[in-house]
There are 2 protein chains.
Amino acid sequence: MANIKAYAATAPDSGMAPFAIDRRELRADDISIDIDYCGVCHSDLHTVENDWGGSKYPVVPGHEIVGRVTAVGPAATRYKEGDLVGVGCMVDSCRICQACESGLEQYCLGGATMTYGSLDRHDGTVTHGGYSERIVVSERFVVRIPEQLDPASAAPLLCAGITTYSPLRHFNVGKGHKVGVLGMGGLGHMGVKFAKALGAEVTIFTRSEAKVSEARKHGADHVIISTDKAQMKAASDSFDFLLDTIPVAHDLNPYLKCLRYDGTHILVGLLTPVEPALQAGLLVTRRRVVAGSLIGGMPETQEVLDFCAEHEIACDIEMLDIHNINEAYARMKKGDVKYRFVIDMKSLKNS
Amino acid sequence: MANIKAYAATAPDSGMAPFAIDRRELRADDISIDIDYCGVCHSDLHTVENDWGGSKYPVVPGHEIVGRVTAVGPAATRYKEGDLVGVGCMVDSCRICQACESGLEQYCLGGATMTYGSLDRHDGTVTHGGYSERIVVSERFVVRIPEQLDPASAAPLLCAGITTYSPLRHFNVGKGHKVGVLGMGGLGHMGVKFAKALGAEVTIFTRSEAKVSEARKHGADHVIISTDKAQMKAASDSFDFLLDTIPVAHDLNPYLKCLRYDGTHILVGLLTPVEPALQAGLLVTRRRVVAGSLIGGMPETQEVLDFCAEHEIACDIEMLDIHNINEAYARMKKGDVKYRFVIDMKSLKNS
């Protein structure tokens, strides 16, 4: 299965360009998927440009993959040819540790194998993501796309969706809760939709007046301008949860003050040091909590898709031809996307 | 009731000296308590020296108070003359907010009235603590000292005890959990005893080999030298809870790495900025939590006393004459106390 068409970065400053890759022959529990759509995540861009270090070139990004099953390994039983399926951020894990046995493969004690840029745990090759015609994945790491969902706008549910849905479920967010969402990008706008569907009263925190009407469109009950000290002060001690999707360093302390006692600040976007420094007193004096959360496990990834089908929730997307990927990255750097680019993979197949 | 003997600081550098105070006449739900013992908390020293700012001089510290009821207001029904009772860190709160109604007066939305250095919410006078012959307190903020407890060593349960007991209970620490305790002072040694009594497997983290045998005496199952990188690495991803009693800035990150996924790092001693910076990635990649906790509410303060009676738990104390308080403070600054000074208030009454 060599010479599959893909797009890759071959160096941190190479940009994305056409590239030929191999895909492995099917192992017993593998399925092969012809990719129809692939969402474009900020992680793709960070990995392409080696912002986090450790990128293994060539990088074929993409972990919001939707396509059709074209072949099934001899021991694979869950899917059949023609099924519409999805692959998210992980393609393997140890499968035997407590985390894996709990369906929390993202916290696998042996380290999950990520969809791109990881080493395959069987043959040691570097994994390649969804900016390609086809992918071969163990069926355990494949989810079913419900028929009611538009396949293209379902793609971002596999990262942006599950990343915001999982912590809301884990912390039992629901009716009677006041939830604030920080950041209104791909993750943030999904967080608002999920928190609303779960029954919470939802406030978007944004730095700019210009985003207020947009915030309302996503279903937010309230908007707080985070740069307005009077508005922030009026929000003191009032939130049960804050879902913080901001991916760059920011001051958590003004937000922590908005949490009531026993309130929880959930980080899903920040991977760097918390600067300026977190004020420990803000935690101690109200029994507040700062928590992190990483994507979600495989059962919960299926759950979020089914939840979206049931509640008619979709990601707001902009379709993209793969030969425009470099321009798309440039726009993402300026925050100019509402709210997720999704590559129409026909543009690769027909190229 | 004027001219009650007390010890006070009249300025940040005055040291402690004899001082005469007033106590109010009994309000309807008040009781008057003749103080037998008063524990000496690090907060006393910080307030005396105005380390946190805002100290109101004269400062009469002391919030680990044990004594006998000598008078009862007309509407007070819980206690009678002669009862052995205790007063902890709070003497009042709004009593009508959600926190107060939940028995979490320490998180009172109107702000709890602390035992010393607060403004009384009725007459605006500054509250004075337990380094005195007598105290007058609403019975809601008084607890009963079980007969089985030694009154002197029960005193520190009212701050050091409840501060460590409350979060262990709130986070449901129990059998099957691995708990680490950071810091081995007045709070830390109580944390070990409680975590053991609740059924957890307990490890003390200490910087010094010299403290290992001491740690074992408190009942710790294991000791980890936190300055030994190999020991810390071997502890990676293994703890369910860390109870962090360290009251000064310290690097949380090496400890966070010791938490398994879904593990919780509980701060009870730190009120200052978290420096060096918390690594958000350590939270996100394992769904770890950093939480704070402040003393405990009144129902739980009674509970910890009853728990200690049932499990024969006591604080390790060193008895002190009040005229030696300045030397005691000097020793506390050097960490030279095992593990809590308790003032024998006869030394004040007979002076």
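Residues numbered from 1 in each chain as written. Chains lettered and ligands numbered in written order. Predicted model: local features only at pLDDT ≥ 70, side-chain atom pairs only at ≥ 80, totals over all residues. Heavy atoms only, no water.

An unreviewed UniProt entry annotates chain A as NAD(P)-dependent alcohol dehydrogenase originating from Marinobacter daepoensis. In its Sequence similarities (unreviewed entry) section, UniProt records this for chain A: "Belongs to the zinc-containing alcohol dehydrogenase family." (UniProt positions renumbered as here; feature names shortened; annotations may be inferred.)

Draft legend 1. Representation of the overall build of chain A. Counting its secondary structure elements, chain A contains 12 helices and 17 strands. Computed over its C-alpha atoms, the radius of gyration of chain A comes to 20 Å, within 12% of the 20 Å expected for a compact globule of 351 residues. Put simply, chain A has 351 residues, and 59% of those count as buried. A sequence separation of at least 24 residues applies to 67% of the contacts in chain A between residues at least 6 apart. Working note: accessible area of chain A is about 13600 Å², and carbon and sulfur atoms make up 50% of it. (Helix = DSSP H or I, 4+ residues; strand = E, 2+ residues; numbered from the N terminus. Rg over C-alpha atoms; globule rule 2.2 N^0.38 Å. Buried < 20%, exposed > 50% of the residue type's maximum accessible area, 1.4 Å probe, protein only. Contact = heavy atoms within 4.5 Å. Areas by Shrake-Rupley, 256 points an atom, 1.4 Å probe, with all protein chains shown as cover.)

Draft legend 2. Examining the environment of A:Glu64 more closely. Residue and element names in this part refer to chain A. One can find Glu 64 in the loop between α1 (42-48) and β4 (65-72). With a relative accessible area of 0%, Glu 64 lands in the buried category. Here Glu 64 is in contact with Tyr 37, Cys 38, Gly 39, Val 40, Cys 41, Val 87, Ala 155, Pro 156, Leu 158, Cys 159, Ala 160 and Arg 340, once residues within four sequence places are set aside. For Glu 64, the side chain forms a polar contact with the main-chain nitrogen of Ala 160, separated by 3.3 Å. Reaching out from Glu 64, the side chain makes a polar contact with the side chain of Arg 340 at a distance of 2.7 Å. (Polar contact = N/O pair within 3.5 Å; in protein donor to acceptor, adjacent residues only side chain to side chain.)

Draft legend 3. Geometry of empty space enclosed by the protein. This structure, assessed with the given rule, holds two cavities of 30 Å³ or more. By volume, the largest cavity amounts to about 70 Å³. Residue lining of the largest cavity: 13 residues in total, with A:Gly88, A:Cys89, A:Leu158, A:Met298 and A:Thr301 positioned closest to the centre. Sorting the residues of the lining of the largest cavity by element identifies β5 (84-87) and α10 (298-311) of chain A as the ones contributing at least two each. Counted by class, the lining of the largest cavity contains nine nonpolar, four polar and no charged residues. The volume enclosed by the second largest cavity comes to roughly 50 Å³. Taken together, B:Gly88, B:Cys89, B:Met90, B:Leu158, B:Ile162, B:Ile295, B:Gly296, B:Met298 and B:Thr301 form the lining of the second largest cavity. By residue class, the composition of the lining of the second largest cavity is six nonpolar, three polar and no charged. (1 Å grid on protein atoms, 1.4 Å probe; cavity = no way out; pocket = protein on both sides within 12 Å on 5 of 7 lines; lining within 4 Å. Points joined across faces, edges and corners; volume = space filled by probe spheres on them. Nonpolar A, V, L, I, M, F, W, Y, C, P; charged D, E, K, R; others polar.)

Draft legend 4. Looking closely at the packing of aromatic side chains. Enumeration over the complete set of coordinates arrives at 12 aromatic pairs over all chains. When the ring of B:Phe205 is compared with that of B:Phe239, the centres are 5.4 Å apart and the planes differ by 55 degrees; the resulting orientation is tilted. Highlighted residues: B:Phe205 in strand β11 (residues 201-206) and B:Phe239 in strand β13 (residues 239-244), separated in sequence by 34 residues. Take B:Phe205: its relative accessible area is 3%, and that puts it in the buried class. Here the aromatic cluster, defined as three or more aromatic residues joined through ring pairs, consists of A:Tyr165, A:Phe194 and A:Phe307. Above the face of the B:Tyr261 ring, B:Arg260 is positioned so that its terminal group lies 4.5 Å from the ring centre. (Phe/Tyr/Trp six-rings, centres within 6.5 Å; stacked < 30°, edge-to-face > 60°. Lys NZ or Arg CZ within 6 Å of the ring centre and 35° of its normal.)

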